[in-house]
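Residues per chain, in single letters:
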Amino acid sequence: MAAAAAAGAFSLREVLEAFQRCVTEQREVLLEPYLSGWRGLIRFLQSLGTVFSFISKDAVAKVSLLEGHCGGRQGQQYVSLQSMVRHELAAGPAALRARSDSGCRTVLRLHRALRWLQLFLEGLRSGDSRTSVVCTDAYNASLAAYHPWVVRKAATVAFCALPSRDAFLEIMNVGPREEAVAMLGEAIPYIGDVYSITQELFAQHKLLDLP
Ligand SMILES: CCCCCCCCCCCCC/C=C/[C@@H](O)[C@H](COP(=O)(O)O)NC(=O)CCCCCCCCCCCCCCC
C-alpha cells in the first residue's frame, strides 16, 4: 500500500472527496473541486485499459474546455455552477443555445454522466458481482437516452471488458473490500447532492436540453 502511494497511485477516496468539497454552505457547486473530481475519475477510467479511451477522450475534452473557461479572462465568473449559469445566460437564452463551447452545455454532459456514476456506484455497493450488468443498467437508466445508437453500441461493448466486482473494489485502492464498500456508502450521498443541486439549477433556467 505504502509503495503504491509512493508510486503515485491514487485512491478513489480522494476522488470522491472532491465531490464532497463541491457544495458550499450556500448550496452552490464549486467548479474547481468538481473538475478535480472528474480528473480523478478520468485517470481511473484510463487505468482500466484502452477499450475505454473513446470515453475518456470525450471526458478529457469536456474537462479541458471547462478548465479553459476557469483559467480564461472571465475566470471569476466560473467559480461556481451558479455563477457560470448567470454569466452565460446574461447574453440571452438564444445566444447560449447557439454556442457549442459554453460551460453550461459542457457541464450538462458531465452532469448526465454523474447520474450514471451515482447509479453505478450504488450497484457496486449493493453487491452484484456482474459489473458489466451493473454498468449497463446504470447507463441505460441515465446517459443512454442522450446517445445515438452507435455510441450506445460501442459503450455496451466496452462495458463487457470491465473487471469483476472484487477486482474493481481492489483497484479503487481504498483498502480491504469492506472498507471500499463503506467508503462508497459515504461518498454516494455527496455525489447525489451535487447531482440534485445541478439538476435543480439547470431545470430552473430551462437548460436541461441545451444542444
Ligand atoms: C467504469 C466504466 C466506465 C464507463 C463509463 C460510462 C459512461 C459511458 C459513456 C459513453 C460515452 C461515449 C463517448 C461519447 C460521448 C459523447 O457523444 C457525449 C455527448 O457529447 P457531445 O454532446 O459533446 O457530442 N458525451 C457524453 O455524454 C459525456 C460522457 C462522459 C463520460 C465520462 C465517463 C467517466 C467515467 C469515469 C469512470 C470511473 C468509474 C469509477 C467507479 C469506481
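For the chain, the name recorded in an unreviewed UniProt entry is Ceramide-1-phosphate transfer protein, with Corvus moneduloides as its organism.

Enquirer: Quick question: what am I supposed to make of the site of the ligand here?
Expert: In the region of the ligand, 23 residues are neighbours, and Asp-58, Lys-62, Arg-105, Arg-109 and His-147 sit closest. Asp-58 is positioned with one of its side-chain polar atoms (N or O) 2.8 Å from a nitrogen atom of the ligand. One of the side-chain nitrogen or oxygen atoms of His-147 is found 2.8 Å away from an oxygen atom of the ligand. If the ligand stood free it would expose 940 Å²; the protein chains cover 89% of that surface. Given that more than half its atoms are within 2 Å of the pocket grid, the ligand belongs to the largest pocket. Counting only elements with at least two residues in the shell around the ligand, the list comes to helix 3 (31–46), helix 4 (53–71), helix 7 (103–126) and helix 9 (149–159). With six residues, helix 7 is the largest single contributor of residues to the shell around the ligand. Class assignment for the residues of the shell around the ligand results in 18 nonpolar, one polar and four charged.

Enquirer: Hey, could you run me through the nonpolar core in this one?
Expert: Within the largest apolar cluster, 64 residues are counted, with the highest numbers of intra-cluster contacts made by Tyr-34 and Met-172. Residues in contact with Tyr-34, not counting those within four places in the same chain, are Phe-19, Cys-22, Val-29, Val-107, Leu-110, His-111, Leu-114 and Val-194.

Enquirer: Mind showing me how you'd approach helix 11 (residues 177–204) here?
Expert: Residues spaced three or four apart along an α-helix point in a common direction, a consequence of the helix completing one turn every 3.6 residues. Across its 28 residues, helix 11 extends 40 Å between first and last C-alpha, which sits within 8% of the 40 Å expected from 1.5 Å per residue. A positive phi of about 55 degrees marks Lys-206, the residue just after helix 11.

Enquirer: Even after reading the chapter, I still don't get the UniProt feature "domain: Glycolipid transfer protein" (unreviewed entry) in the chain, so can you show me in this structure?
Expert: Residues annotated in UniProt with the feature "domain: Glycolipid transfer protein" (unreviewed entry) correspond here to residues 30–173. Taken end to end, residues 30–173 is 71% helix and 0% strand, and its first and last C-alpha atoms sit 26 Å apart.

Enquirer: Explanation requested: the packing of aromatic side chains in the structure shown.
Expert: The geometry of an aromatic ring pair is captured by the separation of the ring centres together with the interplanar angle, meaning the angle of the planes. Considering all chains together, one arrives at six aromatic pairs under this definition. When the centroid spacing of 5.4 Å and the interplanar angle of 75 degrees are considered together, the rings of Tyr-139 and Phe-159 count as edge-to-face. One end of the pair, Tyr-139, is in helix 8 (residues 131–140); the other, Phe-159, is in helix 9, and 20 residues separate them in sequence. In this structure, Tyr-139 and Phe-159 share a single accessibility class: buried.

Conventions adopted
- Residues numbered from 1 in each chain as written.
- Predicted model: local features only at pLDDT ≥ 70, side-chain atom pairs only at ≥ 80, totals over all residues.
- Heavy atoms only, no water.
- Near = heavy atom within 4 Å.
- Polar contact = N/O pair within 3.5 Å; in protein donor to acceptor, adjacent residues only side chain to side chain.
- Areas by Shrake-Rupley, 256 points an atom, 1.4 Å probe, with all protein chains shown as cover.
- 1 Å grid on protein atoms, 1.4 Å probe; cavity = no way out; pocket = protein on both sides within 12 Å on 5 of 7 lines; lining within 4 Å.
- Sits in = over half its atoms within 2 Å of the grid points.
- Helix = DSSP H or I, 4+ residues; strand = E, 2+ residues; numbered from the N terminus.
- Nonpolar A, V, L, I, M, F, W, Y, C, P; charged D, E, K, R; others polar.
- Core = buried A, V, L, I, M, F, W, Y, C linked by side-chain atoms within 4.5 Å.
- Buried < 20%, exposed > 50% of the residue type's maximum accessible area, 1.4 Å probe, protein only.
- Contact = heavy atoms within 4.5 Å.
- Expected span 1.5 Å × (residues − 1).
- UniProt positions renumbered as here; feature names shortened; annotations may be inferred.
- Phe/Tyr/Trp six-rings, centres within 6.5 Å; stacked < 30°, edge-to-face > 60°.

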